[in-house]
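# Examination of the molecular architecture
Each chain is listed here by its residues.
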Amino acid sequence: DVFITAGLSEGIDFLFQALVDPGRNIILPTPSYPLYLTKERMSYGTFDFYDCDDKYEPDLDSLRKNINKFTKSILVINPNNPTGAVYSRKTLQGIVDIAGEHKLSIISDDVYDQLVFDGEISNMRTLSKDVPIVCGNSLSKNYIYPGARVGYLAFHGPGWDDVKGAIQRLCNQRLSVNWEMQR
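Residues numbered from 1 in each chain as written. Predicted model: local features only at pLDDT ≥ 70, side-chain atom pairs only at ≥ 80, totals over all residues. Heavy atoms only, no water.

Next up on the list: the side chain of aspartate 48. Within the secondary structure, aspartate 48 is located in the loop between helix H2 (34-42) and strand S3 (49-50). Although aspartate 48 is buried, it makes no salt bridge; arginine 24 carries the closest opposite charge, 9.4 Å away. In this structure the side chain of aspartate 48 is engaged in a polar contact, spanning 2.9 Å, whose partner is the side chain of asparagine 25. Side chain to side chain, aspartate 48 and asparagine 68 meet in a polar contact 3.1 Å long. In this view, aspartate 48 contacts Asn25, Ile26, Ile27, Leu28, Asn66 and Asn68; residues no more than four positions away in its chain are not counted. (Helix = DSSP H or I, 4+ residues; strand = E, 2+ residues; numbered from the N terminus. Buried < 20%, exposed > 50% of the residue type's maximum accessible area, 1.4 Å probe, protein only. Lys, Arg positive; Asp, Glu negative; His and termini not counted. Salt bridge = Lys/Arg side-chain N within 4 Å of Asp/Glu carboxyl O. Polar contact = N/O pair within 3.5 Å; in protein donor to acceptor, adjacent residues only side chain to side chain. Contact = heavy atoms within 4.5 Å.)

Quick look at the structure:
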């Protein structure tokens, strides 16, 4: 249930190709990492966002209000890029609860989870028993090795079979992670 990718960027690309059909969307936080906007656009998805409060924590009312019949998944970036905000356990549990209410999956971008200097980080996969979550991470950020180009997607929970099958096919169509990092 883990796919090694050429950086998390490739994993994000694969997820959006597997999940987003024209007119559908993955609801994004605002502000958001720009790559997600590009991938939504490249998949011909619609743009739907949820707001954050003045401390850059997700606004759960905004999230609930902006989910619609075209929403496929909720994106959570924790710690957030570009704000650096680390979300509270209470907020993350609220997101899991909302995803469960709407029968949505969660994409958890954990790429900076080892670079938290103040406070404690909660991981989405530890908060959910039945909501499907895919966690993405990268060696280049957490180990301060820019350009390492090794990332991964780890799938947790039920309901991912079709997406994992699509990602397997996408992984098979490319060569591999770079030689230096394989070694």
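Having seen the structure, we can now continue with the description.
Looking now at the nonpolar core. Across soluble globular proteins, nonpolar side chains have a tendency to be buried as a group. Counting residues in each nonpolar core, the largest one holds 24 residues, and the members touching the most others are Leu15, Leu19, Ile26, Phe155 and Ile167. Going through the elements one at a time, helix H1 (7-19), strand S2 (25-29), H2, strand S4 (71-77), strand S7 (151-156) and helix H6 (161-172) are the ones with two or more residues in this core. In terms of residues, this core owes the most to one element, H1, which gives six residues. Ignoring anything within four residues of it in the chain, the contact list for phenylalanine 155 reads Asp1, Phe3, Leu15, Ile133, Val134, Trp160, Val163, Lys164 and Ile167. (Core = buried A, V, L, I, M, F, W, Y, C linked by side-chain atoms within 4.5 Å.)

Moving on: the packing of aromatic side chains. Per the counting criterion, the structure on display carries five aromatic pairs. Each ring, one from tyrosine 33 and one from tyrosine 36, has its centre 6.1 Å from the other, and the planes form 75°; the classification is edge-to-face. Feature note: the residues Phe3, Phe155 and Trp160 constitute an aromatic cluster, connected by ring pairs. (Phe/Tyr/Trp six-rings, centres within 6.5 Å; stacked < 30°, edge-to-face > 60°.)

Reading across the sheet, the seven strands line up as S1-S7-S6-S5-S4-S2-S3 and stay open at both edges, with mixed pairing between neighbours. Two strands close off the open sheet at either side, each with one partner strand: strand S1 (2-5) and S3. Note: S2 against S4, three bridges, orientation parallel. Bridge pairing in S4 places isoleucine 27 opposite isoleucine 74. Lying over the sheet, helix H4 (residues 89-102) contacts S4 and strand S5 (105-109), oriented at roughly 175° with respect to S4. (Pairing = 2+ DSSP bridges. Axes fitted to C-alpha atoms, helices over the stretch in contact; angles between N-to-C directions.)

Let us look at the state of the cysteines. Put plainly, two cysteines are in a disulfide when a covalent bond ties their sulfur atoms together. Counted under the stated rule, the structure contains zero disulfides. Among the cysteines around cysteine 135, which has no disulfide bond, cysteine 171 carries the closest sulfur, lying 17 Å off. Given a relative accessible area of 3%, cysteine 135 falls into the buried group. (Disulfide = S-S within 2.5 Å.)

Moving on, we get to the side chain of serine 138. When you line up the elements, serine 138 lands in strand S6 (residues 133-138). Reaching out from serine 138, the side chain makes a polar contact with the side chain of serine 140 at a distance of 3.0 Å. Leaving out residues up to four positions away in the same chain, serine 138 has contacts with Leu8, Val111, Val150 and Gly151.

With respect to the element layout, glutamate 57 can be found in the loop between S3 and helix H3 (60-66). Look past the residues within four positions of glutamate 57 in its chain and what remains in contact with it is Asp51, Cys52, Val86, Tyr87, Ser88 and Thr91.

Turning our attention to a nonpolar patch on the surface. Among the surface-exposed residues, Val2, Ile4 and Tyr152 lie close enough to one another that they form a single nonpolar patch of about 260 Å² accessible area. With respect to the secondary-structure elements, isoleucine 4 resides in strand S1. Overall, the relative accessible area of 45% leaves isoleucine 4 in the partly exposed class. (Patch = residues over 30% accessible without salt bridge, like charges linked within 9 Å, V, L, I, M, F, W, Y side chains within 5 Å. Areas by Shrake-Rupley, 256 points an atom, 1.4 Å probe, with all protein chains shown as cover.)

Counted by the stated rule, this structure contains four salt bridges. In this structure, glutamate 10 engages arginine 174 in a salt bridge whose closest nitrogen and oxygen atoms are separated by 3.2 Å. With glutamate 10 in helix H1 and arginine 174 in the loop between H6 and helix H7 (179-182), this pair connects stretches of sequence that are 164 residues apart. Note on arginine 174: relative accessible area 18%, which makes it buried. Note that lysine 39 and aspartate 13 form a salt bridge whose closest N and O atoms lie 3.3 Å from each other. In this pair, lysine 39 is assigned in helix H2 and aspartate 13 in helix H1, connecting sequence segments 26 residues apart. Owing to a relative accessible area of 22%, aspartate 13 belongs among the partly exposed residues under this scheme.

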